[in-house]
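Structure at a glance
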Amino acid sequence: MQIHYGLDNLPTFKNAVLTIGTYDGVHFGHQQIIKRLNDIAQEIDGESVMLTFDPHPRLVLHPDDDTLKLISTIDEKEELLETFGLNHLVIAAFSKEFASMEASEYVDKILIQNFHPTKIVIGYDHHFGKDRKGNIDLLRQLSANYNFEVEEISAQTLDEIKVSSTKVRNFLLEGNIKEANKLLAHPFLIKGKVVHGDKIGRVLGFPTANIEISNPHKLIPASGVYAVKIKIENQFYKGALSIGYRETVFDNSKLTIEVFVLDFDGDLYKKSLDIIFVDYLRPQIKYENWDLLKIQIEKDVVAVRNSIVLL
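One structure accompanies this document, and this report is about it.

Conventions used here
- Residues numbered from 1 in each chain as written.
- Predicted model: local features only at pLDDT ≥ 70, side-chain atom pairs only at ≥ 80, totals over all residues.
- Heavy atoms only, no water.
- Helix = DSSP H or I, 4+ residues; strand = E, 2+ residues; numbered from the N terminus.
- Buried < 20%, exposed > 50% of the residue type's maximum accessible area, 1.4 Å probe, protein only.
- Contact = heavy atoms within 4.5 Å.
- Areas by Shrake-Rupley, 256 points an atom, 1.4 Å probe, with all protein chains shown as cover.
- Lys, Arg positive; Asp, Glu negative; His and termini not counted.
- Charge placed at Lys NZ, Arg CZ, Asp CG, Glu CD.
- Salt bridge = Lys/Arg side-chain N within 4 Å of Asp/Glu carboxyl O.
- Pairing = 2+ DSSP bridges.
- Axes fitted to C-alpha atoms, helices over the stretch in contact; angles between N-to-C directions.
- Core = buried A, V, L, I, M, F, W, Y, C linked by side-chain atoms within 4.5 Å.
- Arc of directions from axis to C-beta.
- Right-handed = clockwise from strand over helix to strand, strands pointing away.

With that out of the way, let us pick up the overall build of the protein. When its secondary structure is counted, the protein shows ten helices and 14 strands. Along the longest, intermediate and shortest principal axes, the C-alpha atoms of the protein span 75 × 40 × 40 Å. With 311 residues in all, the protein has 49% of them scored as buried. Restricting to contacts in the protein with at least 6 residues of sequence separation, those with at least 24 account for 73%. Carbon and sulfur atoms make up 47% of the accessible area of the protein, which totals about 15800 Å². Across the protein, the 35 positively charged side chains and the 44 negatively charged ones have centroids separated by 3 Å.

Within the structure shown, the criterion is met by 19 salt bridges. With a shortest N-O distance of 3.2 Å, K182 and E179 are connected by a salt bridge. Of this pair, K182 and E179 both sit in helix 8 (residues 177-184), three residues apart, roughly one helical turn. For K182, a relative accessible area of 33% corresponds to the partly exposed category.

Let us look at the sheet that holds strand 2 (residues 16-20). Within the open sheet, the six strands sit side by side as 1-4-3-2-5-6. Their pairing is parallel. Edge positions in the sheet fall to strand 1 (2-5) and strand 6 (149-153), since each has one partner strand and no second. Across the sheet, the mean angle separating the axes of adjacent strands is 20 degrees when strand polarity is ignored. As defined by bridge partners, strand 2 adjoins strand 3 (residues 47-54) across five bridges and the pair is classed as parallel. Along strand 3, the bridge assignment pairs V17 with S48. Seen against the sheet, helix 1 (residues 28-43) touches strand 2, strand 3, strand 5 (119-123) and strand 6 and runs at an angle of roughly 165 degrees to strand 5. Those strands touched by helix 5 (residues 103-115) are strand 2, strand 3, strand 4 (88-93) and strand 5, and its axis lies near 135 degrees from that of strand 3.

Read around the closed barrel, the six strands follow the order 9-10-13-12-11-14; overall the barrel is antiparallel. The mean inter-strand angle of the sheet, taken between neighbouring strand axes irrespective of direction, is 45 degrees. Strand direction decides the pairing type here: strand 9 (residues 189-195) and strand 10 (residues 209-212), joined by three bridges, are antiparallel. The partner of V194 across the bridge, within strand 10, is I211. The strands touched by helix 10 (residues 290-307) within the sheet are strand 11 (224-232), strand 12 (235-244), strand 13 (256-261) and strand 14 (272-282), with strand 14 carrying the most contacts at an inclination of about 100 degrees.

Moving on, we come to the environment of G175. Along the chain, G175 turns up in the loop between helix 7 (165-174) and helix 8. Distance from G175 to S223, taken between C-alpha atoms, is 7.4 Å for residues 48 residues apart in sequence. Residue contacts for G175: discarding those within four places in its chain leaves A222, Y226 and Y280.

It is worth spelling out the nonpolar core at this point. The biggest cluster of nonpolar side chains holds 32 residues, and the ones touching the most others in it are L7, I20, L51, Y106, L111, F115 and L139. Listing elements by their share of this core, those giving two or more residues are strand 2, strand 3, strand 4, helix 4 (96-99), helix 5, strand 5 and helix 6 (136-146). At seven residues, helix 5 tops the list of elements feeding residues into this core. With residues up to four places along the chain from it excluded, the contact list for Y106 reads I20, L51, F53, F98, M101, L111 and F128. Formed by 31 residues, the second largest nonpolar core is a distinct cluster that contains F171, Y226, I230 and L273.

Looking at helix 8, one finds that the buried residues are I177, A180, N181, L183 and L184. Around the axis of helix 8, the buried residues are gathered within 165 degrees of arc, so they sit on the same side. Those residues of helix 8 that are buried are in contact with helix 1, strand 7 (157-158), strand 8 (161-162), helix 7, strand 11 and strand 14. With its phi angle positive at about 65 degrees, A185 sits one or two positions after the end of helix 8.

Counting buried residues in strand 5 gives five out of five residues, a clear majority hidden from the surface. Burial along strand 5 is two-sided: the face carrying K119, V121 and G123 and the face carrying I120 and I122 are both buried. Note that strand 2 and strand 5 share two bridges and pair parallel. Among the inter-strand pairings, L18 is bridged to a residue of strand 5, identified as I120. The pairing of strand 5 with strand 6 spans five bridges and is parallel. Residue pairing across strands places V121 opposite E151, the latter belonging to strand 6. Crossover handedness for the path strand 5 to helix 6 to strand 6: right-handed.

Below you can see the structure in the form of structure tokens.
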């Protein structure tokens, strides 16, 4: 997959089969669009192309609204899309000027002039242009003028649940990792760097790594303890991850993310980790003393060993 940053100096795409959208999470529904995109490209000897945006449009249009949390950052999205066989990923900088284009102008100046698509494939709920007035109907109206075809992919369901980024976010914010992963059709993950913590875990015999998330808009699941896989320099380990506000023994208003890596012997400080969520184990509990907390952590470690298989 070739990645292009910005709309300047794009190559001439061969029979471009184009899709457009934020694709946050690259969930099961998104994957069906990408599969169809690739299938059509193969049928017509063309190239599959995705146009996506950074930052997320809502962060630009509603900068004071801090409710949007990203399932996947732009870096994570690039890695996910790499696995689905796209030929080209184009990441355009989203801005208020970009959003102010009338929908028909957007089609002409952005889609046609940059991509010359043979076919455009979009999801059932895709809107574009000023006030989001552009939709599948407008694309169909303009298709004859610009000599492209349009195909709409209907909503996808899993176990009678309509798949959407919003539903995935809600499951994650509830701590329902298994349902979120089911809709994603891949495990949710966070990337972070190990920073200095208070070393309480070391005193208890379970040294934990404090994780710092660089992107402030990244979604962090509900407080609690999770079974996770940790990727450290291309090696995978089992881990117990705690997300919370230090309510176990003493109160602290700062959210902390700590992971105990099983069977790892080494210094993790300043290393970058991929933390892959497997299951929710339990809520955060406030303990009266360190001994009770240590007993609980021992139980968590047993649960992690039993719930994760490393291939």
